[in-house]
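The primary structure of each chain is shown beneath.
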Amino acid sequence: MLTRERNELLVRSDHDTLMGRLLRRYWVPALLAEELPEPDCPPVRVKLLGEQLIALRDSDGRLGLLDEFCAHRGVSLFFGRNEECGLRCSYHGWKFDVDGNCVDMPSEPDESNFKDRVRLKSYPAVERGGIVWAYMGPEEHRPPLPELEWAALPAERRFVSKRLQETNWVQAMEGGIDSSHVSFTHRYDIAEDPMHAGTAGLAYIKADRHPRFEVAESDGGLLIGARRNTGEDDEYYWRITQWLMPWYTIIPPFGTHNPLGAHAWVPIDDEHCWAWSINYHPTRALRADELDSMRAGEGIHVEYVPGTFRPKANRDNDYLIDREAQRQKKTFSGVAGISAQDFSLQESMGVIVDRTKERLGTSDAGIITARRRLLRAAQLLADKGETPPGIAVESQRVRSASLLLPADEAFHVGARDALRAEPGTEFVSI
Amino acid sequence: MLTRERNELLVRSDHDTLMGRLLRRYWVPALLAEELPEPDCPPVRVKLLGEQLIALRDSDGRLGLLDEFCAHRGVSLFFGRNEECGLRCSYHGWKFDVDGNCVDMPSEPDESNFKDRVRLKSYPAVERGGIVWAYMGPEEHRPPLPELEWAALPAERRFVSKRLQETNWVQAMEGGIDSSHVSFTHRYDIAEDPMHAGTAGLAYIKADRHPRFEVAESDGGLLIGARRNTGEDDEYYWRITQWLMPWYTIIPPFGTHNPLGAHAWVPIDDEHCWAWSINYHPTRALRADELDSMRAGEGIHVEYVPGTFRPKANRDNDYLIDREAQRQKKTFSGVAGISAQDFSLQESMGVIVDRTKERLGTSDAGIITARRRLLRAAQLLADKGETPPGIAVESQRVRSASLLLPADEAFHVGARDALRAEPGTEFVSI
Amino acid sequence: MLTRERNELLVRSDHDTLMGRLLRRYWVPALLAEELPEPDCPPVRVKLLGEQLIALRDSDGRLGLLDEFCAHRGVSLFFGRNEECGLRCSYHGWKFDVDGNCVDMPSEPDESNFKDRVRLKSYPAVERGGIVWAYMGPEEHRPPLPELEWAALPAERRFVSKRLQETNWVQAMEGGIDSSHVSFTHRYDIAEDPMHAGTAGLAYIKADRHPRFEVAESDGGLLIGARRNTGEDDEYYWRITQWLMPWYTIIPPFGTHNPLGAHAWVPIDDEHCWAWSINYHPTRALRADELDSMRAGEGIHVEYVPGTFRPKANRDNDYLIDREAQRQKKTFSGVAGISAQDFSLQESMGVIVDRTKERLGTSDAGIITARRRLLRAAQLLADKGETPPGIAVESQRVRSASLLLPADEAFHVGARDALRAEPGTEFVSI
């Protein structure tokens, strides 16, 4: 559990909060690159960390992330004209370039130099890994571009989607860190997925339903290891999840014929977040049938309410719970789909869960440690200006893994090589 | 009128309020027994007196009313698996029995005794009269089960429904106590109902449109008498409504061939309540045609928005007001149905009516006295621990009545026998 | 920009605010006369300046504007029976006449004089110009009836509509004062409207896209002049908008064959307002084709969500923005219709725009001066009881105009005659 005060520190991300200042030191996944498909396409409203912004791709293809509201009288630039290398407000024609400069102010006399004194808040934006990323922090601390394995791969080796989650980002992310729920929430889905059939991992999971969890710090975050017996005294089966500061998780599949799964949990505001979901394979293109099922919302992706990024199964319809499927052990909770199984539970906790009432056990060590690491990094940044973990690109070049290790070896030592993401190398997952 | 302070005392029912502590000394109608139709059926979310709970019937048929949220990380047990004598959370498999004991905690090591230190808030729940009742107060003060006549009758002699009302419970209940509005709000409905045709009561009501109201305290609440002239100097026609602490009313029909009507007005939270409506006949089974019309939402019952307990005629559609029917004196307010006529007006007062602005008259004596009795009982409980009225089962064995009484006799004296609910006896109503 | 404090003073209009007291000195457009089509028609809920009221036309055709809630127990008189010269509450039959007198109280004994001590808040209401007007201020300061030209014309020379706007009234009105946006927001609509074809005004507008703005005070408000070059050194083309205290604007058409346009922006509460739109011609009846297009929601009028005064193009559907039409320069912002083009932008500023963040230029002189005049009048009324501008009927007899003026003449001097609304005279617009 957390005290009320520490819970508040953890969940608030506006620009003037402790955690908000920490998060603004990282590149932020802002929107899908395909939401800005071409030069001079319609601008897109984007809310991030409580700030209302507008994203655009200008006539030269340059990306911009500006204050949503015109500096003049506060009209939304959503209605602006994106043309001739800038976004022109539809009220009085003020025009801004991707850097926030006011490049035309036709409502004022030509001889006025008012235009030169007006700037719109703007953030650097880059496209990488199918995502437009923003940097919302102090310019002098802008880090190198993200080097997460999935972001650096060729486009054909990954699939990226995003989904609106109607909770604070931390409890969504805690769901990603939590390995222990897989044996319950997703039990019947995992056991019956033909993609897992015949893998050693699945056999171990079915045989030992009471894994032990161990947590180790990595350069950029945490390694969460779930240990299971194999039937042999001298070895264990380990499934290792990566958590990378400030909001990334990577999950191993069963067998290397399947893609890995990754997530980013990014605050829209304190009561909503984007749940980004990425499948990727380090050494091969995703197959057409894999892409079809991802686009159809299977696995860690979802089917949407048309025209939105809100899941079709949502709070308003009790996530389409099917009590008969629950009773017949087709699903554990009655909700269909790995993704909806997770967010239905997370949203049911309330928009911001009250962490003063928790009763945490040994299986929650990952969550406990991640919270502590986030709060410590935020405090060290505030007090001493210390660069937070996970910003150095080397710390981002990691993978999850599942493998057998000798019983007397620490999992993070034994799996060290498997947990590094060396470009072009096969990953380790059984 | 009430001062702002006393209005607040009256309407608030959370666990730490004066009135909330009073209400928690009574059995609370929680949900329809048919909402939990069989062992291991889906659990049902129930909000009562501001507390979010989950109701279940376990494998052995035992009823439970638990905190809705798992003690571990706060996930809703709505998604839980109700099986093998307990409700298992879909997140990490913690399982609770109907008494709130944690009976399984598979996410923790077997040797841990953490499970034994975890309990979920739980309330005693019993089925009686077609309703599941909860007791939410201190265990040492748990009263005997409710002995209201309709709750103790065989099932075939009663019909019970509930309806969501979008106001504080007190103003709903005040509508039930208020006898005076019947001559206006329901005038055309009562006069034209064929079930009332030919009764002496209806004739008196039509002849004397200006009843006088008198109020007398009963052991468990109040007797509200409406007195009308009969044309004879030496006798009056009396219609007597029972109000029973803390939220029950009973209304006499016209003639004993018709069933009596009763209500309970139970806080969901301070801005919503359940309006329970019961028709019952002490000495005969309800007829099929009566049950059909009750199920169809006639009389004191309502037709619902499908899949909910919200009335089809509701705030969002102006209660389907029909101005032509109003003009032609088919209905007084333009709203159809006894029940909707009442709650449309009550909801129009606002979610919590501002009682500092009222102008009460002599016809409001019932309401004035009931408020005073509630506040006094709450204060006496808080100050001296005094057992409140209406808890002793003997005080619950009451009926409403309508009858002729000598002009010189006090109504509560003259009607004493008629107002007692002796099991198996005919009631008195003309 | 304004300080936070002055912004609050400007936008709040409840009865106990500085601006609320100012606005209550004027007649307030309350509802369309056609909403109360005949004696004893259904009463209509009207919210004005934060007060919830009910409007009625009694059996004798007299208009009343009463407190919406019955003085007895607070039930809405919306459900009342409007009959026999008064509105009777459907709860206990209390009846009120258009002056707020309680004329019947059948729930109380005849000998009681309680009725005579009960009054309902009521405001004088009159019909004029197709509108029911209310006066909500102190009786001793009730001004003469409004003499705005459109209000005093025969019915066949005007068309009046109203529309719900989901913002504070001030930012709606500022949109009406703002002349400068016309060259941007409405550029393609004006240029392509066949009604403007061949007018000199349109030619000047197309030739000089950088008008200069001048503001002059009038007796009742402001004159906002937009000056354009004509190609001749010794004359300018002027388009002059009238702003009249506290919430009226009048806009000149192109050519006197077209009707003038006028607006009133009236607070419903601090977060909603009525945008009234009036087209009128001082010397001729509107043609059938003109009325057809106005009823269809063209020009300054709108098409509604059926059964409401909410525009069909609204916040929930992004105002039906059409990005292809925007790209092809059929509309500037992608939104269709003069009216929706305006309110889409105004609503996008937020419900109450934060005026501490504005960057105002010379083209905003009209808005700056109007705010100052409103705040000054409110302060003078509060401090010295000074009668505010715009109340004297003479100050209301004004028109907008567009015309050529000698280059060396002040616009408000040169256009003086054209800006007076002499009944029966042709107006001036080129």
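You'll find the structure just up there.
The structure presented is a predicted model; accordingly, all values stated were derived computationally and were not measured.

Asks: Just checking my understanding: could you explain the relation of the copies chain A and chain C for this structure?
Replies: There are two copies of the chain, and a rotation about an axis plus a shift along that axis relates them. Overlaying chain A with chain C gives an RMSD of 0.0 Å, the required rotation being 120 degrees about an axis along which the chain moves by 0.0 Å. The transformation relating the two chain copies, once decomposed into turn and shift, fits a three-fold axis. The C-alpha atom lying nearest the rotation axis in chain A is that of D316 of chain A; the distance is 10 Å.

Asks: Would you mind going over the interface of chain A and chain C with me for this structure?
Replies: Often the size quoted for an interface is simply the accessible area lost on bringing the parts together. Listed per partner, the contact involves 33 residues of chain A and 37 residues of chain C. When the shortest N-O distance is used, the salt bridge between E174 of chain C and R73 of chain A registers 3.6 Å. Applying the counting criterion to the chain A and chain C interface returns 19 residue pairs in polar contact (both at pLDDT 80 or more). Tallied by class, the residues present in the side of chain A that touches chain C amount to 15 nonpolar, eight polar and ten charged.

Asks: Explanation requested: the packing of helix α4 (residues 169-177) of chain A against helix α11 (residues 365-384) of chain A in the structure shown.
Replies: A pair of packed helices is captured by two measures, namely the crossing angle of their axes and the spacing between those axes. All names here are of chain A. One way to put it is that α4 packs onto α11 with a least axis distance of 9 Å and a crossing angle of 135 degrees. One way to sum up the angle between α4 and α11 is to call them oblique. Considering only the axes of α4 and α11, their crossing is right-handed. Of α11, the residues touching α4 (which contributes W169, M173, E174 and I177) are G366, I367, A370, R371 and L374. Partitioning the contact of α4 with α11 into residue classes produces six nonpolar, one polar and two charged.

Asks: Even after reading the chapter, I still don't get the pairing of strand β10 (residues 125-128) of chain C, so can you show me in this structure?
Replies: Every other side chain in a regular strand lies on the same face of the sheet, so the side chains alternate between the two faces. All names here are of chain C. Note: β10 against strand β11 (residues 131-135), four bridges, orientation antiparallel. Considered in β11, the bridge of E127 is made with V132. Hairpin connection, β10 to β11: the antiparallel pair is bridged by two residues, and G129 has positive phi, about 65 degrees.

Asks: I would appreciate a short explanation of the pattern of salt bridges in the present structure.
Replies: Should their charged atoms come close, side chains of opposite charge can pair. For the structure on display, the rule yields 105 salt bridges over all chains. Note that K162 of chain A and E35 of chain A form a salt bridge whose closest N and O atoms lie 2.9 Å from each other. Remark: E35 of chain A occurs in the loop between β1 (27-32) and β2 (44-48) and K162 of chain A occurs in strand β12 (residues 158-165); sequence separation between them is 127 residues. On the basis of relative accessible area, K162 of chain A is assigned to the buried category, the value being 3%. Salt bridges linked by common partners bring R73 of chain A together with E174, D178, R355, E358 and R371 of chain C together as one network.

What counts, and at which threshold
- Residues numbered from 1 in each chain as written.
- Chains lettered and ligands numbered in written order.
- Predicted model: local features only at pLDDT ≥ 70, side-chain atom pairs only at ≥ 80, totals over all residues.
- Heavy atoms only, no water.
- Least-squares fit on C-alpha atoms with pLDDT ≥ 70 in both.
- Contact = heavy atoms within 4.5 Å.
- Salt bridge = Lys/Arg side-chain N within 4 Å of Asp/Glu carboxyl O.
- Polar contact = N/O pair within 3.5 Å; in protein donor to acceptor, adjacent residues only side chain to side chain.
- Nonpolar A, V, L, I, M, F, W, Y, C, P; charged D, E, K, R; others polar.
- Axes fitted to C-alpha atoms, helices over the stretch in contact; angles between N-to-C directions.
- Helix = DSSP H or I, 4+ residues; strand = E, 2+ residues; numbered from the N terminus.
- Parallel < 35°, antiparallel > 145°, perpendicular 65-115°, else oblique.
- Left-handed = near helix turned anticlockwise from the far one by under 90°.
- Pairing = 2+ DSSP bridges.
- Buried < 20%, exposed > 50% of the residue type's maximum accessible area, 1.4 Å probe, protein only.

Spatial relationships are all this shows, so hold off on functional conclusions.
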